[in-house]
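The chain contents come next:
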Amino acid sequence: YVAVSANNFEDKVLVTVIIGLFVGIAMYFIFTIRVLTPVRRLSDSANRIANYEFGQYLEVQGDNELTDLSDNFNQMSLNIESLVADRNRALEDLEELNHDLEQRVKERTLELQALNVEIAHQAMHDPLTDLPNRTLLVERLKQNIELARRNSTRVAFIMLDLNNFKEVNDTLGHPEGDRLLQTVATRLPSALRGSDTVGRLGGDEFGIVLPDVDRQQAVDVASKVLVSLEPSFELGSQKLTIGASIGIAIYPEHGEDDAALIRHADVAMYMAKGSFRKVAA
């Protein structure tokens with residue numbers, strides 16, 4: 001009886017162990033299917049979301065906390081996807097706005113640069129003839145005097161005044177007088193070199209700066225200027241011949257600075273105009 005009882009006990013234990021093993025395996029599979037697999041899916045889905053990979057719906061079978069969690073997870077994924085899409089659209093809009101702003105800044109900068117150039121040009125040029133005005137002409141004369149002083153060369157300044165200009169204004173009117181000045185301004189450069197500067201001093205007076213010339217060369221240029229004014233000027237229905245009186249001053253013979261040269265050239269010009277009036281009379 002003892003041996004039989006021991007064998008029965010061992011059989012019962014073995015059966016119990018086997019049953020327990022099967023139960024354990026079954027519980028493991030159930031745990032794997034019901035818990036581990038959904039958790040892995042949740043983990044994989046979380047990794048995809050972390051890498052901005054959306055669009056894969058997570059489905060967990062059953063009716064428990066994990067299914068509720070998966071539903072919440074799917075909703076969270078949709079919300080995050082929507083937020084990311086909104087962010088991307090906002091970034092695209094911002095980039096477009098930045099591009100437009102950069103273009104506007106560039107355009108505005110170019111406009112301001114052009115405006116500055118135009119303002120600088122207007123400040124240094126005569127509005128009627130677009131020739132250098134007195135300020136720019138005197139500046140050019142100063143620069144060339146300084147250069148001549150360093151190089152031991154000469155600079156000539158020519159002052160020119162139109163003859164009978166007042167009669168043109170009084171007879172034909174100021175608009176025609178302005179047209180005459182504009183036409184004279186287009187003719188004078190043809191008698192000069194590229195290094196020379198011609199400008200309007202005011203009224204019907206013009207000034208010319210001649211760098212690196214001697215007395216005879218300055219006289220030759222003055223003669224060319226008079227020749228350029230010989231063809232008649234068409235003003236309205238009339239053709240007029242307009243001459244000019246010219247005075248010349250040379251650095252350093254007639255002055256050491258711009259003011260002295262302008263003053264001497266002015267005196268010489270009025271002497272020439274006086275001689276013209278005597279001849280005309």
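Residues numbered from 1 in each chain as written. Predicted model: local features only at pLDDT ≥ 70, side-chain atom pairs only at ≥ 80, totals over all residues. Heavy atoms only, no water.

1. Some remarks on the overall build of the protein chain
Then comes step 1: Across its full length, the protein chain holds seven helices and six strands.
Then comes step 2: In the protein chain, the succession of α and β elements from N to C terminus is α-α-α-β-α-α-β-β-α-β-β-β-α.
Then comes step 3: A buried classification covers 32% of the 281 residues belonging to the protein chain.
Then comes step 4: Across the protein chain, every contact between residues at least 6 apart in sequence was considered, and the portion connecting residues at least 24 apart equals 65%.
Then comes step 5: Surface summary for the protein chain: the accessible area is close to 18,200 Å², and the carbon and sulfur share equals 56%. (Helix = DSSP H or I, 4+ residues; strand = E, 2+ residues; numbered from the N terminus. Buried < 20%, exposed > 50% of the residue type's maximum accessible area, 1.4 Å probe, protein only. Contact = heavy atoms within 4.5 Å. Areas by Shrake-Rupley, 256 points an atom, 1.4 Å probe, with all protein chains shown as cover.)

2. Side note on the sheet that holds strand S6 (residues 244–251)
Then comes step 1: Strands sit in the order S2-S3-S1-S6 across an open sheet of four strands; the sheet is antiparallel. Strand pairing shows two members of the sheet lacking a second neighbour, strand S2 (197–202) and S6, which therefore form its edges. Each strand of the sheet is rotated relative to its neighbour by a mean of 20 degrees, with strand direction disregarded.
Then comes step 2: Relative to strand S3 (residues 205–211), strand S1 (residues 155–162) runs antiparallel, the two being bridged by seven bridges. Considered in S3, the bridge of valine 155 is made with proline 211.
Then comes step 3: Contacts from helix H5 (residues 174–187) reach S1, S2 and S3, with the element oriented near 150 degrees to S1.
Then comes step 4: Packing of helix H6 (residues 215–228) onto the sheet brings it into contact with S1, S3 and S6, and relative to S6 it is tilted by some 160 degrees. (Pairing = 2+ DSSP bridges. Axes fitted to C-alpha atoms, helices over the stretch in contact; angles between N-to-C directions.)

3. Quick look at the pairing of S3
Then comes step 1: For S3, the tally of buried residues reaches seven of seven residues, placing the bulk of the element in the interior.
Then comes step 2: Two elements, S2 and S3, share five bridges in a ladder whose sense is antiparallel. Bridging across to S3, threonine 197 finds its partner in valine 209.
Then comes step 3: Counting the residues between successive antiparallel strands, the hairpin from S2 to S3 contains two residues, one of them, glycine 203, with a positive phi of roughly 60 degrees.

4. Observations regarding the pairing of S6
Then comes step 1: Most of S6 is tucked away, with seven of its eight residues classed as buried.
Then comes step 2: Looking at chain direction, S1 and S6 are connected through eight bridges and run antiparallel. Each bridged residue has a counterpart across the sheet, and for methionine 159 the counterpart in S6 is glycine 247.

5. Quick notes on the packing of aromatic side chains
To describe a pair of aromatic rings, you give the distance between the ring centres and the angle between the ring planes.
Then comes step 1: All chains considered together, the criterion is met by zero aromatic pairs.
Then comes step 2: The side chain of arginine 187 reaches across the aromatic face of phenylalanine 233, ending 3.8 Å from its centre. (Phe/Tyr/Trp six-rings, centres within 6.5 Å; stacked < 30°, edge-to-face > 60°. Lys NZ or Arg CZ within 6 Å of the ring centre and 35° of its normal.)

6. A look at helix H3 (residues 134–151)
Then comes step 1: An ideal rise of 1.5 Å per residue puts 26 Å on 18 residues; H3 measures up with 25 Å between its terminal C-alpha atoms.
Then comes step 2: Of the positions making up H3, those classed as buried are Leu136, Leu137, Val138, Leu141, Asn144, Ile145 and Ala148.
Then comes step 3: Of the residues flanking the start of H3, the one acting as N-cap is asparagine 133, its side-chain oxygen 3.2 Å from the backbone nitrogen of threonine 135.
Then comes step 4: Directly beyond the C-terminal end of H3, a positive phi value near 55 degrees is found at serine 152. (Expected span 1.5 Å × (residues − 1). Polar contact = N/O pair within 3.5 Å; in protein donor to acceptor, adjacent residues only side chain to side chain.)

7. Points about the nonpolar core
Then comes step 1: Core analysis: the biggest nonpolar cluster contains 31 residues, and Leu160, Leu162, Leu180, Leu210 and Val225 have the highest contact counts within it.
Then comes step 2: Contributing elements (two or more residues each) for this core: S1, helix H4 (165–172), H5, S3, H6, strand S4 (233–235) and S6.
Then comes step 3: With sequence-adjacent residues up to four places away left out, leucine 210 is seen in contact with Arg154, Val155, Ala156, Ile158, Leu192, Arg193, Asp196, Ala218 and Val221.
Then comes step 4: Counting residues in each nonpolar core, the second largest holds 16 residues, with Phe157, Met159, Leu261 and Ala265 among its members. (Core = buried A, V, L, I, M, F, W, Y, C linked by side-chain atoms within 4.5 Å.)

8. A word on the side chain of aspartate 126
Then comes step 1: With respect to the helices, strands and loops of the structure, aspartate 126 is situated in the loop between helix H2 (65–124) and H3.
Then comes step 2: Since its relative accessible area comes to 10%, aspartate 126 is described here as buried.
Then comes step 3: Those residues in contact with aspartate 126 that sit more than four places away from it in its chain are Leu131, Pro132, Asn133 and Arg200.

9. Some points on the pattern of salt bridges
Any two side chains of opposite charge can pair if their charged atoms end up close together.
Then comes step 1: One pass over the structure, following the stated rule, counts eleven salt bridges.
Then comes step 2: For the salt bridge of aspartate 170 with lysine 166, the shortest nitrogen-to-oxygen distance reads 2.8 Å. With aspartate 170 and lysine 166 both in helix H4, this residue pair falls four residues apart, about one helical turn. Assigned by exposure class, aspartate 170 and lysine 166 land together as exposed. (Salt bridge = Lys/Arg side-chain N within 4 Å of Asp/Glu carboxyl O.)

10. Re the environment of alanine 249
Then comes step 1: Positionally, alanine 249 belongs in strand S6.
Then comes step 2: Judged by relative accessible area, alanine 249 falls into the buried class, the value being 0%.
Then comes step 3: Each C-alpha atom, one on alanine 249 and one on phenylalanine 157, is 5.3 Å from the other, the two residues being 92 residues apart in sequence.
Then comes step 4: Apart from residues no more than four positions distant in its own chain, alanine 249 is found in contact with Val155, Ala156, Phe157, His254, Leu261, His264 and Ala265.

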